[in-house]
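Chain residues, written in single-letter form:
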Amino acid sequence: MATVRKLIVEVVDARDLLPKDGHGTVSPYVQVDYYGQRKRTQTVIKDLNPKWNELLEFNVGKASDVFGDVLELDVYHDKNYGPTTRNNFLGRLRLTSSQFVKKGEEALIYFPLQKKSLFSFIQGDIGLKIYYVDEAPPPPPPLPQEPKAPEPGPQEEAKPAKTTAPPPAEEAAPPPPESEKKEEAAPPAKEQTPPSENEKPAEEPPAEAAAQPPKTAAAETAESDQLPPPEISSEKQQLPQDDHIEMMSASSVSKSVPEIKFVGGINGPQPMAPRPSGVPSYTQLEPTESLSIDHPTSFDLVEKMHYLFVRVVKARYLPANGRPVVKISASNYHVTSTPARKTNCFEWDQTFAFGRQSPDSASILEVSVWDTPIPDPTGVASGHNFLGGVCFDVAEIPLRDPPDSPLAPQWYRLEGGGSRINGDLMLATWMGTQADDSFPDAWKTDTAGNPNARAKVYQSPKLWYLRATVLEAQDVVPITTSLKEATFQVKAQLGFQSLKTEASLTRNGTPSWNQDLIFVAAEPFTDHLVFVLENRQPKGTVTLGFAKIPLTAIERRVDDRKVASKWISLEDPKDEKRMYTGRLHVRLCFDGGYHVMDEAAHVCSDYRPTARQLWKPPVGTVELGIIGCKNLIPVKTVNGKGCTDAYCVAKYGSKWVRTRTVCDSLEPRWNEQYTFKVFDPCTVLSIGVFDSSGVFETDGPRDATRLDFRIGKVRVRISTLTTGRVYKHTYPLLVLSPAGLKKMGEVEIAIRFARVSPTLDLVHVYSQPLLPLMHHIRPLGVGQQDMLRRAAIKIVTAHMSRSEPSLGRETVLYMLDAESQGFSMRKVRANYFRIINVVAGVMDIVGWITDTRSWKKPMATILVHALLVLLVWFPDLIIPTLLFYVFAIGAWNYRFRSRDPLQHFDPKLSLADTVDRDELDEEIDMVPSTRSYEVVRARYDKLRTLGARVQTVLGDFATQGERVQALVTWRDPRATGIFVGLCFVVAMALYLVPSKMVAMAFGFYYLRHPIFRDRTPSPALNFMRRLPSLSDQLL
């Protein structure tokens, strides 16, 4: 049933408004405009923090040039309350439809009021709830009925009836409209029985044919299905051409008229029901408006792969006893369809795609229909019975290239059958590419007909942080119990997640905690949050009561506002009557202002908050073309032969894409293209290649659990892509195995970043915080984030496993880098060298200064002296000179920028080429370890050696810091006295001598020639090394 969409704007309240009535107060009202509709709230008299709590309802119409999808809200001061003569402006707000959500997802959001002009002074926030509601359309008004004549009473029956004749039917009721006549005339036409075989249908007169409306394609198809089979007689009869080959009509559409697809029954699509007069015209949206197409139709980043498409729809008049099948032969491929569904006709509705080397290669396409064998009473089944076939010359098959409309199927007479009656087969054949609409669901030659090998797009579940604040409990100890100290604890459980509060010690039976417990929940919310109150005793833990709260009853918020708390009653879990055992005071809410992390922070693909109201418009799109792989290594054995059934998975944001599985190929070619929306350029696109384990039965134990094998992965950082440039390159697929680094093959991809927002908006993104605001207002701890990320990964993994075809657990974990946080000696060493590379820049500067003051290059040292004089006497040039120097360094390094197409895994940086076997085995080993005792002990001893080095370095850092503190702490009275006295003398000298002279003198002294220098360390360094530290007090 059609529904009417409406936009509900709930104006809750406002705060900190600007006074406008001359008495320090204001009498505000809110005016809202949407799609040419204007509504306003009531006026709240003299209140700087007004509360309205009013619902404003708007009809949602189609997009037009006159009315946009922008909601405009203005706040005014009512001139009827106060000495003002006009409605003073208090602020405005403009929101787009992308920030609106459906009912049930709304949350109270406080928007800051905006200025109307540059010179306006506005302050305050307004709290709104905005959401869509789909309502049933009102029923059409009933038709006017004639007033019935009053029934004659007993006295009137005795009177003789009047002899006036009733009026004619035409005068009694008005004639129905033409639409009602057509609807009334339609049922008799459907009830007409088709003529028998011996009867010849009578021809209709031309006048009647002209009066009838033209038949639709659905009606023609329905009538053609019910036509009798052709008569077989000794005389040759010429069948009408329409019965031999009949093509379904395809309506041509234009941009202004939307294309409407009908899903019909067995007799073809049914005509669209007439729209009730009471339903507005905006209930149905345009297809281009209601659905966002995430993939382009041009496929310009990948190579075109030509296919021969054969769509088998149905057959009629087949002398079949069972459920016939269709066999197709083309280019050395022989395919058999599924058995037909028996209705008025035999239906298949299957599409087959045969790979072609070139679009004009000439061959023969054979399509034949066979009857399935039916076992006789003895149980023996006979062979397939040939019912007829059709042959096509591939050179004559038309070429279809999107966005062309689908090719209409036609009826073809089957030839060559042994029966007296030859049936008809409806099919369509055309030449196309992988961009064809029928390609995703078609049977393909390179997938071996595996239904789980199709390309699919997945969506990650929408994850929320559920914050449960446990405040206190009451009535948890019976009155008869003697007063003594008791320890209470609350355990909260949501699915597989279980958290506990800290233990609370109390004597009066009212423990308090005031502790936050945070869970991860996924939409739709079908689970319950369970609270269990436990009493910790020396003998064990005793459960006092529990309570269940459905997640659908919990409020959502998008900021840090306080949510109303509530008391929940606890019930005894052992008592069938569920008696009252106390109550618990909690505060529950869904925090939509956080981003739920399911990926590692350094390779995250999305930083948007959960609440859709806080999303910003995308800054661009990234188009990914997955072309294929080369030189893959066989990863399994089938029938004694090594093979690989490869597929590719790409993830960006909440969108996952999976290519089709190319079976038994070491150089698979996918040539599929996908598009992702980019909300932040500082994100990473992950692409992984896997081997499918469910295509063929491998050689090995059948009871073993077969997982999809990881072949390799590629990461692309969006910020490294130039706008509009196509990056097409082949990347090695590297995997760390117990034997070391192994190259599994190469993957070829093409990627392009397209900017959809202005350049200034893209630059502005770099100045915004990476994570949403709630991560900075109420930050989560590092350990808490890690725990929540593991829970989010489990939820995403379970969600993907329920899809069809499903993404395996090993695939999701590999794409999310769930196992990359374990300890690895190789990574420790690699990070150490990374720190050395960072410090190397500072060491280069120190080395340059040392060379300058050593006069290795006298001319450079003289220029530095001149620069020192210039900067000392003109200190305003210090910062500009420093910035210009940084600019010069950046411009000089531009010549030496990386020429690689895209950054990829670096085996040298990762130390994967020189990794030790034992260290690699330790990195791959799970927790807890499954290795032998001797291996684990050797690892522990090695870790102790490394820990001793780290301990020494940390002690040296602590010693230097404690020596700095000892300058003024009088631990060494002589050293502190010398330092304090020297500070006093220097301070007095600087008061008397100009600072420029002191700076110049210090600079010349520091850059003095080596012949005026002593080789021993400086007195200041000697003084620092003599200061005491706390290292001598350590045991």
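To be clear, the structure that these remarks concern was listed above.
Scoring rules and cut-offs
- Residues numbered from 1 in each chain as written.
- Predicted model: local features only at pLDDT ≥ 70, side-chain atom pairs only at ≥ 80, totals over all residues.
- Heavy atoms only, no water.
- Salt bridge = Lys/Arg side-chain N within 4 Å of Asp/Glu carboxyl O.
- Helix = DSSP H or I, 4+ residues; strand = E, 2+ residues; numbered from the N terminus.
- Buried < 20%, exposed > 50% of the residue type's maximum accessible area, 1.4 Å probe, protein only.
- Pairing = 2+ DSSP bridges.
- Phe/Tyr/Trp six-rings, centres within 6.5 Å; stacked < 30°, edge-to-face > 60°.
- Lys NZ or Arg CZ within 6 Å of the ring centre and 35° of its normal.
- Axes fitted to C-alpha atoms, helices over the stretch in contact; angles between N-to-C directions.
- Parallel < 35°, antiparallel > 145°, perpendicular 65-115°, else oblique.
- Left-handed = near helix turned anticlockwise from the far one by under 90°.
- Contact = heavy atoms within 4.5 Å.
- Nonpolar A, V, L, I, M, F, W, Y, C, P; charged D, E, K, R; others polar.
- Lys, Arg positive; Asp, Glu negative; His and termini not counted.

A.B. asks: What is the right way to read the pattern of salt bridges from this model?
C.D. replies: Any two side chains of opposite charge can pair, given that their charged atoms come close. Counted by the stated rule, this structure contains 46 salt bridges. Across the pair lysine 6 and glutamate 57 runs a salt bridge whose closest N-O atoms are separated by 2.9 Å. Of this pair, lysine 6 sits in strand E1 (residues 4-15) while glutamate 57 is found in strand E4 (residues 51-59), placing the two residues 51 residues apart along the sequence. The exposure class assigned to lysine 6 is buried, which follows from its relative accessible area of 16%. Of the charged contacts in the structure, one is a salt bridge between aspartate 925 and arginine 939, with a shortest N-O distance of 3.2 Å. One end of the pair, aspartate 925, is in the loop between helix H16 (917-924) and helix H17 (933-965); the other, arginine 939, is in helix H17, with 14 residues separating them in the sequence.

A.B. asks: Explain the pairing of strand E31 (residues 620-630) to me, please; I cannot follow it from the model alone.
C.D. replies: Every other side chain in a regular strand lies on the same face of the sheet, so the side chains alternate between the two faces. Counting buried residues along E31, ten of its eleven residues qualify, which places the element largely inside the surrounding structure. Note that E31 and strand E36 (residues 669-678) share eight bridges and pair antiparallel. Bridge pairing in E36 places glycine 628 opposite arginine 669. Strand direction decides the pairing type here: E31 and strand E40 (residues 740-755), joined by ten bridges, are antiparallel. By the bridge assignment, cysteine 629 is partnered in E40 with valine 747.

A.B. asks: Would you mind showing me how to read unusual backbone geometry here?
C.D. replies: Glycine aside, negative phi is the norm for most residues, and most peptide bonds take the trans geometry. In the segment running from glutamate 523 into proline 524, the intervening peptide bond is cis, with an omega of -5°. Among the secondary structure elements, proline 524 is positioned in the loop between strand E25 (512-522) and strand E26 (528-537). Put simply, glutamate 804 and proline 805 share a cis peptide bond, and its omega is -5°. Inspection of the secondary structure assignment puts proline 805 in the loop between helix H10 (782-801) and helix H11 (809-815). With a phi angle near 60°, aspartate 16 is a residue other than glycine that sits in the positive phi range.

A.B. asks: Sorry, what's going on with the packing of aromatic side chains here?
C.D. replies: Aromatic ring pairs are reported here in terms of the distance separating the ring centres and the angle at which the planes meet. Inspection of the entire model under this criterion finds 26 aromatic pairs. Between phenylalanine 525 and phenylalanine 590, the aromatic rings sit 4.5 Å apart at their centres with planes inclined by 5°, giving stacked as the arrangement. Linking phenylalanine 525 in the loop between E25 and E26 with phenylalanine 590 in strand E30 (residues 580-591), this pair joins segments that are 65 residues apart in sequence. Both residues of the pair, phenylalanine 525 and phenylalanine 590, count as buried. Here a set of aromatic residues connected by ring pairs shows up, and it is made of Tyr34, Tyr35, Phe58, Phe100 and Tyr132. Sitting over the face of the ring of phenylalanine 58, lysine 39 holds its NZ or CZ atom 5.5 Å from the ring centroid. Above the ring of tryptophan 464, the side-chain terminus of arginine 556 is found at 4.9 Å from the ring centroid.

A.B. asks: What am I meant to see in the packing of helix H13 (residues 858-873) against helix H19 (residues 995-1006) here?
C.D. replies: For any two helices packed against each other, one specifies the crossing angle of their axes together with the interaxial distance. As a packed pair, H13 and H19 sit with axes 9 Å apart at the nearest point and diverge in direction by 165°. With respect to H19, the axis of H13 lies roughly antiparallel. The handedness of the crossing between H13 and H19 is right-handed. Contacts between H13 and H19 involve His865, Leu868, Val869, Val872 and Trp873 on the former and, on the latter, Lys996, Met997, Ala999, Met1000, Gly1003 and Phe1004. In the contact of H13 with H19, the residues fall into eight nonpolar, two polar and one charged.

A.B. asks: When you look at the side chain of aspartate 13 in this model, what are you seeing that I'm missing?
C.D. replies: Inspection of the secondary structure assignment puts aspartate 13 in strand E1. With no salt bridge to any partner, buried aspartate 13 finds its closest opposite charge in lysine 51, at an N-O distance of 5.6 Å. Residues in contact with aspartate 13, not counting those within four places in the same chain, are Pro50, Lys51, Trp52, Tyr110, Ile126 and Gly127.

A.B. asks: Just checking my understanding: could you explain the environment of histidine 528 for this structure?
C.D. replies: Structurally, histidine 528 can be placed in strand E26. By relative accessible area, which is 35% here, histidine 528 ends up partly exposed. Considering only alpha carbons, one finds histidine 528 and alanine 547, 19 residues apart in sequence, at a separation of 9.6 Å. Sequence-distant contacts of histidine 528, defined by excluding residues within four places in its chain, comprise Gln493, Leu494, Lys548, Ile549 and Pro550.

A.B. asks: For this particular structure, what's the right way to read the sheet that holds strand E11 (residues 325-330)?
C.D. replies: The pairing of strands in a sheet happens through backbone hydrogen bonds and is either parallel or antiparallel. With antiparallel pairing, the four strands of this open sheet are ordered in space as E12-E11-E15-E16. Of all the strands in the sheet, the pair left with one neighbour each is strand E12 (333-336) and strand E16 (385-393). Across the sheet, the mean angle from the axis of one strand to that of its neighbour is 15°, orientation sign disregarded. Note that E11 and E12 share four bridges and pair antiparallel.

A.B. asks: In this structure, what is going on with the sheet that holds strand E38 (residues 709-717)? I would like to understand it.
C.D. replies: Sheet architecture is open: five strands sit in the order E20-E35-E34-E37-E38, paired in antiparallel fashion. A strand with exactly one partner marks an edge of an open sheet, and here the two such strands are strand E20 (456-459) and E38. Across the sheet, the mean angle separating the axes of adjacent strands is 20° when strand polarity is ignored. Of the strand pairs in this sheet, E20 and strand E35 (residues 655-658) are connected by four bridges, and their pairing is antiparallel. If you follow tyrosine 458 over to E35, its bridge partner there is tryptophan 656.

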